[in-house]
Amino acid sequence: MLYQKHPSDTGEQIRVVRFGSKSMNSWQKSYGPTKLELLGDVTSIVDCASYLRGDRFTVECDHQALRSIFQNQFKGAIYDRWLAVLQQFNFDIKYKPAADMQVPDALSRVKNAPLLDVNAEESLNENDPIFQTRRNVTSSYSLLRKWNITETSEGSSSLLKAPDYSMVDDLLFHSRVAKSKRTQRMGEFQLVIPKQLIPKVLETYHQTPLAGHMGIQQTVDNISEQFYFQNLPSTVSSYVRSCHDCQERKMTKAHTKSEIISFRTPTETFQTWQVDLFGPLPITQKGNAYIFTAVDMFSKLLFCVPLLSSDSVTVSHALFQLVCTFGVCDCVISDKGSEFISQCTDQLCKILEVNQNFTPSFIHHCLGLCERT
């Protein structure tokens with residue numbers, strides 16, 4: 001139960017903000033008392049995060065073991081995850097005897113309330129201030145049931161995709177349908193925000209210090225708890241992927257470095273050549289703008305050919321000149337430039353029975369002979 005204390009003439013007046021509950025899984029039912037109390041605190045704080053972020057608040061519990069929650073007395077991976085979540089908030093833990101916790105204890109013992117019959121609109125009280133909202137939400141379900149759409153898989157998928165809207169106090173709300181267990185903890189209604197406020201919401205839920213530059217899915221979940229706008233997942237994905245701070249600091253799981261490789265040391269001249277392309281240079285009178293360079297790794301002999309362009313056909317012709325001048329070699333080492341990894345160069349090496357090896361990307365010192373010359 002989330003509540004606020006307001007001063008009044010008769011003392012402090014308690015105003016309830018929100019009630020909440022959570023059913024336990026089969027393995028959670030085996031938790032001990034301390035673990036269950038901590039699970040309840042974590043669940044309550046996360047569910048009410050939109051009310052609590054940025055403010056200092058007090059957590060009241062009837063379990064004294066939780067008063068020293070941040071003193072490293074809980075050991076285990078699950079406690080580490082829960083404490084990492086709680087460290088995002090600024091709060092104090094206050095012990096409150098069980099005799100003073102009548103409302104939470106009573107709510108924890110209430111049996112499941114009967115579900116609302118979507119066909120029984122006439123049973124709703126016309127004087128209910130939220131009657132119009134409830135009627136608008138249930139009308140789509142009644143219409144789908146009238147058309148027998150809910151009995152087909154196609155109709156079920158359409159129901160999950162079709163948004164329902166309700167107007168409350170001149171504010172437009174979107175009613176969502178939970179598609180997975182992860183989204184069932186979110187509220188049923190989301191405030192529809194205008195297009196001009198989307199950048200501000202994205203900045204608040206991703207770049208502020210309390211947001212913590214979370215990932216795409218976590219940012220989508222945080223926004224979906226309160227707000228809704230068209231193409232929300234794709235918009236959040238584009239925003240997070242273009243965040244400069246995330247690109248600069250966060251580590252990626254993608255393998256961006258090539259493996260370390262070694263080349264066999266040549267034992268005779270013209271056995272292994274290192275080749276590279278130098279340019280573009282100022283165009284000469286003959287129209288040449290590039291230089292094809294090749295260095296014999298045994299004798300350090302330099303071979304150069306001026307080129308008009310850097311396309312694969314021109315580079316393959318220069319490589320063929322090298323073979324015609326010094327004979328067929330065993331191996332040619334080059335970088336991963338487009339002119340060397342093209343099909344034209346690959347077919348030429350296969351015809352001449354020359355092994356073609358490549359250096360790792362952005363590791364220029366592997367072609368040290370050509371780079372220095």
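Before going into details, it helps to say that this report is about the structure given with it. Positions within a chain are numbered from 1, following the residues in the order the chain's sequence is written. Local features in this predicted model are restricted to residues of pLDDT 70 or higher, and side-chain atom pairs are both shown and tallied only at a pLDDT of 80 or more, whereas totals for entire chains, interfaces and linings draw on every residue. Side-chain numbers here rest on the full set of heavy atoms in the structure, without hydrogens or water.

**Description of the nonpolar core**
One finds Leu 38, Ile 45, Trp 82, Leu 86 and Phe 91 to be the most contacted residues of the largest nonpolar core, which totals 23 residues. Per the convention used, a helix needs a DSSP run of H or I reaching at least four residues, while a strand needs a run of E reaching at least two, with both numbered from the N terminus. Counting residues per element, the ones that place at least two in this core are α1 (33-47), α2 (49-52), β3 (56-61), α3 (77-86) and β4 (90-95). Counting residues per element, this core draws most heavily on α3, at five residues. Throughout this description, the term nonpolar core refers to a set of buried Ala, Val, Leu, Ile, Met, Phe, Trp, Tyr and Cys residues connected via side-chain atoms within 4.5 Å. Each residue gets one of three labels from its accessible area relative to the maximum for its type: buried under 20%, exposed over 50%, partly exposed in between, using a 1.4 Å probe on protein chains only.

**Points about the packing of helix α7 (residues 198-206) against helix α9 (residues 232-241)**
Whenever a helix is involved, its axis is fitted only over the stretch in contact; in every case the axis is a line through C-alpha atoms, and angles between N-to-C directions fall within 0 to 180 degrees. Interaxial distance between α7 and α9 falls to 11 Å at its minimum, and their mutual angle equals 60°. Taken together, the axes of α7 and α9 are oblique relative to one another. Crossing of α7 against α9: the hand is right-handed. Contacts from Ile 198, Leu 202, Glu 203 and His 206 of α7 reach α9 at Thr 235, Val 236, Tyr 239 and Val 240. We call Asp, Glu, Lys and Arg charged. Ala, Val, Leu, Ile, Met, Phe, Trp, Tyr, Cys and Pro are nonpolar, and the rest, Gly among them, are polar. Among the residues forming the contact of α7 with α9, the class breakdown is five nonpolar, two polar and one charged. Angles are sorted into four bins: roughly parallel if under 35 degrees, roughly antiparallel if over 145, roughly perpendicular if 65 to 115, and oblique for all others. For any pair of crossing helices, the crossing counts as left-handed if the nearer helix is rotated counterclockwise from the farther one by less than a right angle, and right-handed if it is rotated clockwise. In what follows, a contact means two residues having at least one pair of non-hydrogen atoms within 4.5 Å.

**Quick look at the environment of Leu 39**
Tracing the backbone shows Leu 39 in helix α1. Leu 39 sits in the buried class, given a relative accessible area of 9%. Taking the C-alpha atoms as reference points, Leu 39 and Trp 82, separated by 43 residues in sequence, lie 8.0 Å from one another.

**Brief notes about helix α11 (residues 312-326)**
The first and last C-alpha atoms of α11 sit 21 Å apart over 15 residues, in line with the 21 Å expected at 1.5 Å per residue. The set of residues buried in α11 consists of Val 315, Ser 316, Ala 318, Leu 319, Leu 322 and Val 323. Down the axis, α11 shows its buried residues gathered within 160° of arc, on one side only. In α11, the exposed residues that point more than 90 degrees away from the buried face are Val 313, His 317 and Cys 324. In the stretch just after α11, Gly 327 is the one whose phi turns positive, near 95°. Each helix should span, by expectation, one fewer than its residue count multiplied by 1.5 Å. Here, the arc refers to the directions that run from the helix axis to the C-beta atoms.

**Some thoughts on the packing of aromatic side chains**
We describe a pair of aromatic rings using the distance from one ring centre to the other and the angle between the two ring planes. Put simply, two rings from Phe, Tyr or Trp (the six-membered ring, in Trp's case) pair if the centres are within 6.5 Å, and we call them stacked under 30 degrees between planes, edge-to-face over 60, tilted for the rest. Under the defined criterion, the tally for this structure stands at eight aromatic pairs. Aromatic ring contacts, followed pair by pair, group Phe 270, Trp 273, Phe 303 and Phe 326 into a single cluster. One residue, Lys 35, lies across the ring of Tyr 31, its end atom 4.3 Å from the ring centre. By definition here, charges over rings are those cases where NZ of Lys or CZ of Arg is within 6 Å of the ring centre and within 35 degrees of the ring normal.

**A closer look at the packing of α1 against α3**
In a packed pair of helices, the relevant descriptors are the angle between the two axes and the axis-to-axis distance. Between α1 and α3, the least distance of the axes is 10 Å, while the angle of their chain directions is 35°. As α1 packs across α3, the resulting crossing turns out to be left-handed. From α1, Lys 35, Leu 38, Leu 39, Val 42, Ile 45 and Val 46 reach across to α3, where they touch Ile 78, Tyr 79, Trp 82, Val 85 and Leu 86. Looking at the contact of α1 with α3, its residues break down into ten nonpolar, no polar and one charged.

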